[in-house]
Each structure stands twice: as structure tokens, then as C-alpha cells.
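Per-entry structural report
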Amino acid sequence: MGELSRMNLILFGPPAAGKGTQAKRLVDGKNMVQLSTGDMLRAAIASGSELGQRVSGIMQRGELVSDEIVIELIEARLPEAEAAGGAIFDGFPRTLAQAEALDALLKRLGTGGGGAGAPPTHGIDFIVQIDVPRDLLMERATLRRTDKRTGQIYHLKYSPPPPDAELEHRADDQEETVKKRLDAYDAQTAALLPHYEKLGVLRRVDGVGSPKEVTTRMLSQIAG
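Report on the accompanying structure. (Residues numbered from 1 in each chain as written. Predicted model: local features only at pLDDT ≥ 70, side-chain atom pairs only at ≥ 80, totals over all residues. Heavy atoms only, no water.)

**Description of the nonpolar core**
For the record, the criterion: The term nonpolar core refers to a set of buried residues drawn from Ala, Val, Leu, Ile, Met, Phe, Trp, Tyr and Cys, joined through side-chain atoms within 4.5 Å. Between buried and exposed lies partly exposed: a residue is buried under 20% and exposed over 50% of the maximum accessible area for its type, with that area taken using a 1.4 Å probe on protein chains only. In DSSP terms, a helix is any run of H or I states spanning at least four residues, a strand is any run of E spanning at least two, and both are numbered starting from the N terminus. For this analysis, residues touch if any pair of their heavy atoms sits within 4.5 Å.
Grouped together as the largest cluster of nonpolar side chains are 33 residues, with contacts concentrated most on Ile 10, Leu 35, Ile 74, Phe 89, Leu 102, Ile 127 and Tyr 196. Looking at this core, the elements that each hand over two or more residues are strand E1 (7-12), strand E2 (33-36), helix H2 (37-47), helix H3 (50-60), helix H4 (67-83), strand E3 (86-90), helix H5 (96-109) and helix H7 (175-198). Considering each element in turn, this core owes the most residues, seven residues, to H4. With sequence-adjacent residues up to four places away left out, Leu 102 is seen in contact with Ile 10, Ile 71, Ile 74, Phe 89, Phe 92, Pro 93 and Ile 124. Within the second largest apolar cluster, 24 residues are counted, among which are Ile 88, Leu 136, Val 214 and Leu 219.

Structure representation (C-alpha cells):
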């Protein structure tokens, strides 16, 4: 991988765009900290802390965890990210209000803003949108199959399962569900992408190709 200074980075991409794969490559190759909303909520509950007890109670009641609590969790993890190669935000923000809350937090703490060409008054250095044609996203998602015995995920076209696999077509990977998830993603990012584009931190990357090729394109956009 190319040179990448410490920074705060948001990866955007629709289902099956390869966002998770790219996040893992940055975590492994650049010592960045992946701040996953789901992981942070689970860790808070497992910690037994006062915040964790609050989160547990909210989730047990079937309610949504507030943006304020998620921001609190992020703030607790940022020192770790700052000591490493920076933060990759995963699953947050999803709305314009969340984006503004995250901007305010990072600006208040004086983190980020150090990436190549990033505005010094803004906490997010870059947001990378991984673009993949919708028909390819459908193919990637709907042809996935899971081996019920091992949990291993295969792809009928790109990574065929062994003959003895006991395959399951998960509900999340079925055509109607995938279409709904893609529509929801488009609606979610309709306001977020223009928000970050106005701030001058949005970069778009072609997500078609091998994971290594996509990483190379991404680093060419953000490495300084």
C-alpha cells in the first residue's frame, strides 16, 4: 500500500460494494482503527460500564440507540485511533444529523483535518464512496451462498462451494431483499454525499476489480 498519514476516514458503499473488505485492508495494512457502530455497542454492553448498562436497557426495550450515545462511544474510542493510523468510521454516520454531530465532535477535539488537501477546520479528512454498477451489486449479493455446517460464505460464480457443502441462501442475499437494501442505501446517501462534497472531502472510487486494485485506486485518491 502507498503512504497514508494518520487521518479520519469514512468509507461509503452500497451492499456488496466491498466496503468491509477495503476497511479490513486498511486496518491490517495501515494500523487504522475501525469504529463500527455495532461492534462498539456490543463492547459497551460487555464492559458492564454505566454507559453499557444504558445501551443494554435501550436495546432490550427494542428502542434505537440515540445519536448522542453513539457519539459518546466514538469519543471514548478516538484516543486509540489517534494513537494509531487514524479511524475508519463504519456504520456511522447514516443521516445528515449524524454527520453534523460527528463533524462537531471531531472539530471540538481537534482531530483529523491532517490528510492531503483536507480542510484544517473539518474533522473528517476523506469520505470515500465505492461505486459499483447496480447489476454487478445484484450479482455479487444474490449469488452468495452460506455453508450451513461451517458458516463459510461462497459465491456461485466467483468462489464456488465444494460439492459436499450444505448451501443456504440467506434472506439478506435474496433478490427482493437486496433491491430494498440498495434502495435504502441510495436514500440514505442522497443528503450525505452532497454534504461531504461541499466540504471538499468526498472522493469516488471505481469498485470494479480485485480488492487490491480497488485499494490502489483508493490510496491514489487519499494518500499524501
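**Some words on the packing of helix H1 (residues 19-30) against helix H8 (residues 211-222)**
What counts here: The angle between two axes is taken between their N-to-C directions and runs from 0 to 180 degrees, where each axis is a line fitted to C-alpha atoms and a helix contributes only its stretch in contact. Reported orientations rely on four angle classes, namely roughly parallel under 35 degrees, roughly antiparallel over 145, roughly perpendicular from 65 to 115, and oblique for the rest. The handedness criterion is simple: a crossing whose near helix is rotated anticlockwise from the far helix by less than a right angle is left-handed, and one whose near helix is rotated clockwise is right-handed.
Orientation of H1 relative to H8, taken along the N-to-C sense of each, is 70 degrees, at an axis distance of 10 Å. With respect to each other, H1 and H8 are oriented roughly perpendicular. In terms of crossing hand, the pair formed by H1 and H8 is right-handed. On H8, the residues touching Thr 21, Gln 22, Arg 25 and Leu 26 of H1 are Pro 211, Lys 212, Val 214, Thr 215, Met 218 and Leu 219.

**What about the sheet that holds strand E7 (residues 167-168)?**
Selection criterion: At least two DSSP bridges between two strands are required for those strands to pair.
Overall, antiparallel pairing links the three strands, which are arranged E6-E5-E7 in an open sheet. Edge positions in the sheet fall to strand E6 (153-155) and E7, since each of these pairs with one other strand and no more. As judged from the three bridges shared by strand E5 (residues 144-147) and E6, these two strands associate in the antiparallel manner. In the sheet register, Arg 144 faces E6, and the bridge partner there is His 155. On the sheet, helix H6 (residues 134-142) packs against E5 and E6 and is oriented at approximately 15 degrees with respect to E5.

**Some words on the environment of Leu 202**
Mapped onto the fold, Leu 202 is located in strand E8 (residues 202-206). Exposure remark for Leu 202: the relative accessible area of 12% places this residue in the buried category. When the C-alpha atoms of Leu 202 and Gln 221 are compared, they prove to be 9.9 Å apart, with 19 residues separating the residues in sequence. Dropping the residues within four chain positions of it, Leu 202 is found in contact with Ile 127, Gln 129, Leu 193, Tyr 196 and Glu 197.

**Digging into the environment of Leu 78**
Tracing the backbone through its elements, the reader meets Leu 78 in helix H4. Take Leu 78: its relative accessible area is 2%, and that puts it in the buried class. For Leu 78 and Leu 106, which are 28 residues apart along the polypeptide, the C-alpha to C-alpha distance reads 9.1 Å. Discounting chain neighbours no more than four positions away, the residues touching Leu 78 are Leu 35, Phe 89, Leu 105, Leu 106 and Leu 109.

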